[in-house]
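# Structural description and commentary
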Amino acid sequence: MRGILYQLVVVAAICALSSGSIPVASVFNATDAFLVCLVGAGVPPRLLQTPASPSYSALLLSSVRNLRYVTPGTPRPLAIVAAAEPAHAQAAVRCGRRHGVRVRARSGGHDYEGLSYASLDPRERFAVLDLAALRDVRVDSARAEAWAGSGATLGEVYYAVAAASRVLAFPAGICPTVGVGGHLSGGGFGTLMRRYGLAADNVIDAVLVDADGRLLNRTTMGEDLFWAIRGGGGESFGVVLSWKLRLVRVPETVTVFTVRRSIRQSASDLITKWQAIAPALPRDLILRVVVQNQHAQFEALFLGRCSRLLDHMRAHFPDLGVTQPDCEEISWIQSTVYFAFYSSSKPLELLLDRSGETRRYVKAKSDFVQEPIPRHVWENTWSWLEKPEAGLLILDPYGGRMGSISPSATPFPHRKGNLYNIQYYSYWFENGTAALEKRMTWVRGLYGQMEPYVSKNPRTGYINYKDLDLGTNELEDNNVTSYAKARIWGEKYFKGNFERLAAVKAMVDPDDFFRNEQSIPPLPAAKGWSSI
Ligand code: FDA
């Protein structure tokens, strides 16, 4: 009721304002001014939620994936703008700039550090621009292309593509509830990456709201900005509303298997061998590993039939002992259900369920591995994994198409020379600092132990597995993010591409309106950048 009253007040205020009868400053604080501006720009009041609105909390929590960022002490947005059309996003940016309210875009809400809906700075005045309703997926199977709204989930994209064709697919991540907006902004890899690269490698156009609130497409934004939004991380350059995707060919029948080997079944030997084998397999085959408890689970997708897959496994990795009964021949869309839910017989409609897994506390970190890690290190890892507070490791092999794309083709630089990515993933359900500290210590401890064996100078990580331990932004005196400080974390995610990203930022958002704890800073004018 309070929320409705508030909205009525705001609407009444607009009428009064437009008749010139009330001096603005005497009635409104900046939040009110922001809301009035939005309503004045045509955003229906029902799409605006403030902490006083009855559905504010439900909307705020609707796509939150990490309970670490919904504690009572976490600074909350002063408003949520639930955009229903592009003009609402444009209004949020324009009104935010005018009234000193920053805008955090949220698509699927899966950010590992909660940056799409929470701020670490209690002084930051920000609103969440929730894009969940902008989730149309339109597939043109004749051209093998699709437009997907940022608010769509990966599951919704996969479902729509498969509904249009049995031989088209889109190469992106494994979890179906991940949002298109954040995922494509940071790269996006999944089971098709060895054949087709990242999700971002397969974006051919986009519609973006820039820092002036203008709606731009690839032609009007130019190739530098178009380069930056395909892997440079969300939030830094504007709000991407939709993406044009190049769809890829898959056979009508693909093959999957999952085989689990315990430490007593030579899991350490198998992981040690896997490190050199998996990145060199034919590109139609991905063999990833989930290492948990006291076993290694080998999970494969092959773009072909079981008999050929078994030929490859015998030729390249006979020790794993994969046999015909391990194989399941299914369609590509069933394989997306298989990897998400560990069963191919579950209904495809599960891909459309936006609620996903039970809410949990999460901390993740990542590494890239360039030389096989010695066997004794894997032996030692089991003692970490048997602790009660242990999480798990996910090893995603690169090579194939990933290794043949230039490291500067998109901002994602981890291409040739990387054998695989490690994700250290810890999750828990218990509330409280004791549980938090135990889990954080575990994940940081194991990450620390791995340091001698992973990429160096810098030790790199994946922007979509966001990790604030790598460093957070600081402001210069002119209220712009410090480039020098941001380099500390930025070069870990982007290596040599970081400077170019900062140059693009300086060009498109020199005032640093779009920012968060790990957004790209504008490159200081003195540094310049030659090819822009
Ligand atoms: P969210 O909405 O939280 O946004 C993430 C960041 O992007 C925020 O900074 C946000 O402000 C910004 N942003 C969001 N929408 C934007 C837009 N439209 N325009 C500009 N900026 C925008 N990754 C992977 O590569 N492969 C995988 O298999 C998985 N699997 C996976 C499983 C689970 C359970 C989680 C929690 C995460 C993953 N990820 C992943 C990581 C995932 O790709 C990453 O967290 C994405 O950024 C999530 O995108 P969302 O839109 O859901 O996040």
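Residues numbered from 1 in each chain as written. Predicted model: local features only at pLDDT ≥ 70, side-chain atom pairs only at ≥ 80, totals over all residues. Heavy atoms only, no water.

## A few points about the pattern of salt bridges
Tallying each qualifying case throughout the model produces 38 salt bridges. As a salt-bridge pair, Glu-145 and Arg-143 come within 3.5 Å of each other at their nearest N and O atoms. Note on Glu-145: relative accessible area 16%, which makes it buried. Using a relative accessible area of 56% as the deciding quantity, one classes Arg-143 as exposed. Between Lys-505 and Asp-512 there is a salt bridge; the shortest N-O distance is 3.6 Å. Here Lys-505 and Asp-512 have matching classes, each one buried. Through salt bridges with shared partners, a single ionic network connects Arg-68, Glu-113, Lys-363, Lys-365, Arg-444, Asp-467 and Asp-469. (Salt bridge = Lys/Arg side-chain N within 4 Å of Asp/Glu carboxyl O. Buried < 20%, exposed > 50% of the residue type's maximum accessible area, 1.4 Å probe, protein only.)

## A look at the sheet that holds strand E16 (residues 361-369)
Ordered by their spatial adjacency, 7 strands build an open sheet running E15-E12-E14-E13-E17-E18-E16, and the pairing between neighbours is antiparallel. At either end of the open sheet lies a strand with only one pairing partner, and these are strand E15 (328-330) and E16. Going from strand to strand, the sheet's axes swing by 20° on average, the running direction of each strand aside. As judged from the 3 bridges shared by strand E13 (residues 285-292) and strand E17 (residues 392-397), these two strands associate in the antiparallel manner. When the bridges of E17 are listed, Val-291 appears paired with Leu-393. With respect to the sheet, helix H16 (residues 433-450) is in contact with E16, E17 and strand E18 (420-428), its orientation differing from that of E18 by roughly 165°. (Pairing = 2+ DSSP bridges. Helix = DSSP H or I, 4+ residues; strand = E, 2+ residues; numbered from the N terminus. Axes fitted to C-alpha atoms, helices over the stretch in contact; angles between N-to-C directions. Contact = heavy atoms within 4.5 Å.)

## Observations regarding the state of the cysteines
Under the counting rule described, the total for this entry stands at 2 disulfides. Disulfide pairing places Cys-37 opposite Cys-95 at an S-S distance of 2.1 Å. Here Cys-37 and Cys-95 share a disulfide; its torsion about the S-S bond, -75°, makes the bridge left-handed. Taken together, the positions of Cys-37 in helix H3 (residues 30-40) and Cys-95 in helix H5 (residues 86-99) put the pair 58 residues apart, joining distant regions of the chain. Of the two residues, Cys-37 and Cys-95, neither departs from the other in class, the shared state being buried. (Disulfide = S-S within 2.5 Å.)

## So, the pairing of strand E2 (residues 79-82)
The alternating pattern of E2 places Ala-79 and Val-81 and Ile-80 and Ala-82 on opposite faces, both of which are buried. Pairing analysis gives 2 bridges linking strand E1 (residues 48-49) to E2, with the strands arranged antiparallel. Across the sheet, Gln-49 pairs through a bridge with Ile-80, a residue of E2. Summarising the sheet, E2 and strand E4 (residues 126-130) pair through 4 bridges and their orientation is parallel. Bridge pairing in E4 links Ala-82 to Asp-130.

## Thoughts on helix H13 (residues 332-341)
The buried count for H13 comes to 7 of 10 residues, which makes it a mostly enclosed element. Within the span of H13, buried status applies to Trp-332, Ile-333, Ser-335, Thr-336, Val-337, Tyr-338 and Phe-339. The first or second residue beyond H13 is Tyr-342, which carries a positive phi of 55°.

## Details of the site of the ligand
Neighbouring the ligand are 31 residues, the closest being Ala-105, Ser-107, Ser-116, Val-240 and Tyr-462. In this structure, a nitrogen atom belonging to the ligand sits 3.0 Å away from a main-chain N or O atom of Glu-235. Interatomic distance of 2.7 Å between a backbone N/O atom of Val-240 and a nitrogen atom of the ligand. Within the complex, the protein chains bury 94% of what would otherwise be the 950 Å² of accessible surface of the ligand. Ranked by residues supplied to the shell around the ligand, first place goes to helix H7 (residues 180-186) with 3 residues. Partitioning the shell around the ligand into residue classes produces 11 nonpolar, 16 polar and 4 charged. (Near = heavy atom within 4 Å. Polar contact = N/O pair within 3.5 Å; in protein donor to acceptor, adjacent residues only side chain to side chain. Areas by Shrake-Rupley, 256 points an atom, 1.4 Å probe, with all protein chains shown as cover. Nonpolar A, V, L, I, M, F, W, Y, C, P; charged D, E, K, R; others polar.)

## Here we look at helix H14 (residues 375-385)
Where H14 is concerned, the buried positions are Val-377, Trp-378, Thr-381, Trp-382, Trp-384 and Leu-385. Taken end-on, H14 shows its buried residues confined to a sector of 160°, consistent with a single buried face. Those residues of H14 hidden inside the fold are in contact with helix H11 (267-277), E13, strand E14 (295-302), E17, E18 and H16. (Arc of directions from axis to C-beta.)

## Considering unusual backbone geometry
Following Asn-457, the chain continues to Pro-458 via a peptide bond in cis, the omega torsion being 0°. The phi angle at Ser-266 is positive, at roughly 65°, despite the residue not being glycine. Here Ser-266 falls in the partly exposed class, since its relative accessible area comes to 36%.

## Side note on the side chain of Glu-299
For Glu-299, the location among the structural elements is in strand E14. A distance of 3.0 Å separates the side chain of Glu-299 from the side chain of Gln-297, its partner in a polar contact. Once you skip the residues sitting within four places of it in the chain, Glu-299 turns out to touch Phe-257, Thr-258, Ile-286, Leu-287, Arg-288, Val-290, Phe-339 and Tyr-342.

## Looking at the sheet that holds strand E10 (residues 239-246)
Spatial ordering of the open sheet is given by E5-E6-E10-E8-E9, a layout of 5 strands whose pairing is antiparallel. One side of each edge strand has no neighbouring strand; the edge strands of this open sheet are strand E5 (137-140) and strand E9 (215-216). Where strand E6 (residues 145-149) meets E10, 5 bridges bridge the pair, whose relative direction is antiparallel. Note on E10: the bridge partner recorded for Gly-149 is Ser-242. Sitting on the sheet, helix H6 (residues 154-164) is in contact with E5, E6 and E10, with an inclination near 30° to E5.

## Brief notes about the environment of Lys-495
Examined against the element boundaries, Lys-495 turns out to sit in the loop between helix H17 (483-494) and helix H18 (497-508). The class for Lys-495 is partly exposed, based on a relative accessible area of 32%. Sequence separation between Lys-495 and Cys-175 is 320 residues, and the spatial gap between their C-alpha atoms is 27 Å.

## Quick word on the confidence of the model for the protein
Caution is warranted with low-pLDDT regions, since their predicted coordinates should not be read in detail. Across the protein, pLDDT averages 94, with 94% of residues at or above 70. Of the regions scoring below 50 in pLDDT, residues 1-5 engages in 5 contacts with residues more than four places distant in sequence or in other chains. For the stretch residues 12-27, pLDDT sits under 50, and the model shows 12 contacts to residues farther than four places along the chain or on other chains. (pLDDT = per-residue confidence, 0-100.)

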